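# Observations on the three-dimensional arrangement
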Amino acid sequence: MKDSDEKKSYSRRRRGRKEFQCHCCRKVLPFCWNCPCGFQICDDCFKENLWGISNGPTWICPDCGRVRMM
Ligand SMILES: [Zn+2]
Ligand SMILES: [Zn+2]
């Protein structure tokens, strides 16, 4: 029962902010790293770009330059 319920709710577009879209690969996901400016990046792309945007416990939004906590 629970399995089918989850599948339904997962494929259906719900209202609210439960979905994110990665700005790099355009995938729609239940979670992305995000910034108040609207920038969103998925975990995969985040890891790929980590060397460029992260500096220890923080990462820097490539759109607005805000320092974000991980
Ligand atoms: Zn991505
Ligand atoms: Zn930003």
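The structure this text deals with has already been given above.
These remarks concern the structure in this document. Quick caveat: nothing in here was measured; it's all calculated off a predicted structure.

### Structural notes on the overall build of the protein
Each helix and strand in the protein was counted, giving three helices and six strands. Considering the protein as a whole, with its 70 residues, one finds that 10% of them fall into the buried category. Once local pairs closer than 6 in sequence are excluded, the contacts in the protein between residues at least 24 apart make up 18%.

### Description of the environment of Ile60
Examined against the element boundaries, Ile60 turns out to sit in strand β5 (residues 58-60). Separated by 25 residues in the primary sequence, Ile60 and Cys35 have C-alpha atoms spaced 9.3 Å apart. With sequence-adjacent residues up to four places away left out, Ile60 is seen in contact with Ile53, Gly65 and Val67.

Conventions we followed
Residues numbered from 1 in each chain as written. Chains lettered and ligands numbered in written order. Predicted model: local features only at pLDDT ≥ 70, side-chain atom pairs only at ≥ 80, totals over all residues. Helix = DSSP H or I, 4+ residues; strand = E, 2+ residues; numbered from the N terminus. Buried ≥ 20, exposed ≤ 12 C-beta atoms within 10 Å, placed from the backbone. Contact = placed C-beta atoms within 7 Å.

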